[in-house]
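# Examining the three-dimensional arrangement
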Amino acid sequence: MKIRKLLAVSVLLPCISGNVQATTYQLPENPNDTVITQYPNKMALERAELDETLLDVALRNTLGQNEIVRLNPKLDRWEIKKGEMVKLANKRILPDTPHKGITLNISEFRMYQYPANQPGMVMSYAHGIGRQDWKTPLGETKIVRKVKDPSWHPPESIRAEHAANGDPLPEVVLPGPHNPLGAHALYLNLPGEYRIHGTDIDKIFGIGMQITHGCVRMYPEDIAQLFNSVDVGTPVYLVKQPIKVGWLDNTLYIEAHPDLQGEEISDDQRHEDAFKLIQKATQQETPEIDQKALSQALKELTGDPVAIYEGVPPSLETTTPEASISRPVEDIQIPDETLKPEPMSEPVRKGSPDGYYHGG
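Described below are features of the structure shown in this document.

### Section: empty space enclosed by the protein
Applying the stated criterion across every chain, the model contains one cavity of 30 Å³ or more. Considered as a void within the structure, the largest cavity measures approximately 40 Å³ in volume. Glu67, Arg70, Leu71, Ala89, Lys91, Arg92, His257, Thr302, Gly303 and Asp304 together form the lining of the largest cavity. For the lining of the largest cavity, the element with the most residues is helix α2 (residues 65-71), which contributes three residues. Within the lining of the largest cavity, the residues separate by chemical class into two nonpolar, three polar and five charged.

Right, dumping it as C-alpha cells:
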C-alpha cells in the first residue's frame, strides 16, 4: 500500500541572534497521536547570515551536534558559508513513556518535558549522554535535589583519568565558567550522584553527543529554563528507544536513530525491531507499509520522521510503559565508576570567525 505524497513545503526561518531555549510543541488533539510538529507539512530551513559552523546553528535552535549533522549530511559541520541553507528538525515522535515529568531518550540525545502547569504542551531539549564505558543508566527515577551553582567533587576514577591525560583535577571544582556541572544541577534518585546539569564553556560542542561520564549534560540556557520549571519529586524516565513509531492524522511515521557506540546491531535486527513496533501500532500482522520509505529511514538513520503507512489507527488504550522504564530505582544498573575509561578522541575543530565556536 503506497502512501500519498505529503505536501512538502519549505518554511524559511529567520536567523535569530541570541539564545534560543526549549522548543515548545502542542500535543496532538487526538490522544492516540504521538507525532509532534512545529510546521505542519513543511520542512524547516534556516539561511546562514554569516560564515559559521553547523554547531552555531544547532545552538540557536536547541539541537545537538549529532542531530544537526545527520539532518545535513552534505554540509561541512565546520564551514557553513553565508547564504547556505541548513535543514532543521520539525517533526518528532514522542517516546513510548507516560506523558508526565521528564523523559530522556538517550538514543536520540533528546529530552521531553511535560510541564505540570501547561497541560497539552511538551518542551524538548538536546542533551549529551554517557560514553560507552560510562553508560547513562536506564529506568524510572525522580528529581531529589536542585542545586544552583554546584561544586563538583570528581570521583577518584575521573581524577585518575584526567591525571593520566596530563590534566589533573582538584578534589573540588568550585562554581564558575569552567565547572563541568555548569550553573544548575538536578540530582536524580540514583546511586553515584547522577545529575541533569549544564556545562562549562569549554564543552558546549558536546551537547548532543555520547561524551559524558554518565550524567546528562545540557546547554546552559536550557538547563536554566528546566531548572526553574520543575520541582523536587518530578518523575524522570530514562529510556533507550532508537526506533520510534507514531500516528498523526491517520498516517503512521517511523523515526530511526543510529546505535549508540558499543551497542551496534545488524541491519536485519533493526528491521525486525522496527516491524514489531509497526505491528503493535497498526495491530496488524502484515500491514501494507511503504517498504521503500521504511528501508530508506532504517538505512539513513537521520532521526527525521518518515511517513510509511496510511489508515485508521486502532483505538488504543493507555500505553503500558515498557519494562525498561517501569523498574524500581534499586533495580537500575549503574556502571562501575572504578573502571577506568579510555581517553576520548575529539574531532578537530576549525571554528567559525564570527560564531560561537572558535576552535582550539
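Read on for the rest.
### Considering the pairing of strand β9 (residues 121-126)
Most of β9 is tucked away: five of the six residues are buried. Across four bridges, the pairing between strand β8 (residues 110-114) and β9 is antiparallel. For tyrosine 112, the partnering residue across the bridge sits in β9 and is serine 124. Taking the residues that link successive antiparallel strands as the turn, the β8-β9 hairpin has six residues, and the phi of glycine 120 there is positive, at about 90°.

### Points about helix α6 (residues 291-300)
Those residues of α6 not exposed but buried are Ala293, Leu294, Ala297 and Leu298. Viewed along the axis of α6, the buried residues span an arc of 125°, placing them on a single side of the element. Relative to its buried face, α6 has exposed residues pointing more than 90 degrees away, namely Lys292 and Lys299. Two or three places before lysine 292, at the start of α6, stands the capping residue aspartate 290, its side-chain oxygen 3.2 Å from that residue's backbone nitrogen. In the segment just after α6, leucine 301 is the residue with positive phi, at about 50°.

### Here we look at the sheet that holds strand β12 (residues 184-188)
In space, the nine strands of this open sheet follow the order β2-β9-β8-β7-β16-β11-β12-β13-β15, with mixed pairing throughout. Whereas interior strands pair on both sides, the edge strands pair on one side only; in this sheet they are β2 (23-26) and β15 (216-217). Sheet strands in contact with helix α4 (residues 220-227) are β7 (101-105), β8, β9, β11 (139-148), β12 and β13 (195-197), and its direction is about 60° off that of β12.

### Points about the packing of helix α5 (residues 267-282) against α6
Where α5 contacts α6, the two axes come as close as 11 Å, and the packing angle between them is 130°. Classified by the angle between their axes, α5 and α6 sit oblique to one another. The two elements α5 and α6 meet at a crossing, and its hand is right-handed. Across the interface between the two elements, Arg270, His271, Ala274 and Ile278 from α5 touch Leu294, Ser295 and Leu298 from α6.

### Side note on the pattern of salt bridges
Tallied over the full model, the rule gives 14 salt bridges. Between glutamate 108 and lysine 244 there is a salt bridge; the shortest N-O distance is 2.5 Å. With glutamate 108 in the loop between β7 and β8 and lysine 244 in strand β17 (residues 243-248), this residue pair connects regions lying 136 residues apart in the sequence. Classification of glutamate 108 as buried rests on a relative accessible area of 3%. Through salt bridges with shared partners, a single network forms among Glu46, Glu52 and Arg60.

Scoring rules and cut-offs
Residues numbered from 1 in each chain as written. Predicted model: local features only at pLDDT ≥ 70, side-chain atom pairs only at ≥ 80, totals over all residues. Heavy atoms only, no water. 1 Å grid on protein atoms, 1.4 Å probe; cavity = no way out; pocket = protein on both sides within 12 Å on 5 of 7 lines; lining within 4 Å. Points joined across faces, edges and corners; volume = space filled by probe spheres on them. Helix = DSSP H or I, 4+ residues; strand = E, 2+ residues; numbered from the N terminus. Nonpolar A, V, L, I, M, F, W, Y, C, P; charged D, E, K, R; others polar. Buried < 20%, exposed > 50% of the residue type's maximum accessible area, 1.4 Å probe, protein only. Pairing = 2+ DSSP bridges. Arc of directions from axis to C-beta. Polar contact = N/O pair within 3.5 Å; in protein donor to acceptor, adjacent residues only side chain to side chain. Contact = heavy atoms within 4.5 Å. Axes fitted to C-alpha atoms, helices over the stretch in contact; angles between N-to-C directions. Parallel < 35°, antiparallel > 145°, perpendicular 65-115°, else oblique. Left-handed = near helix turned anticlockwise from the far one by under 90°. Salt bridge = Lys/Arg side-chain N within 4 Å of Asp/Glu carboxyl O.

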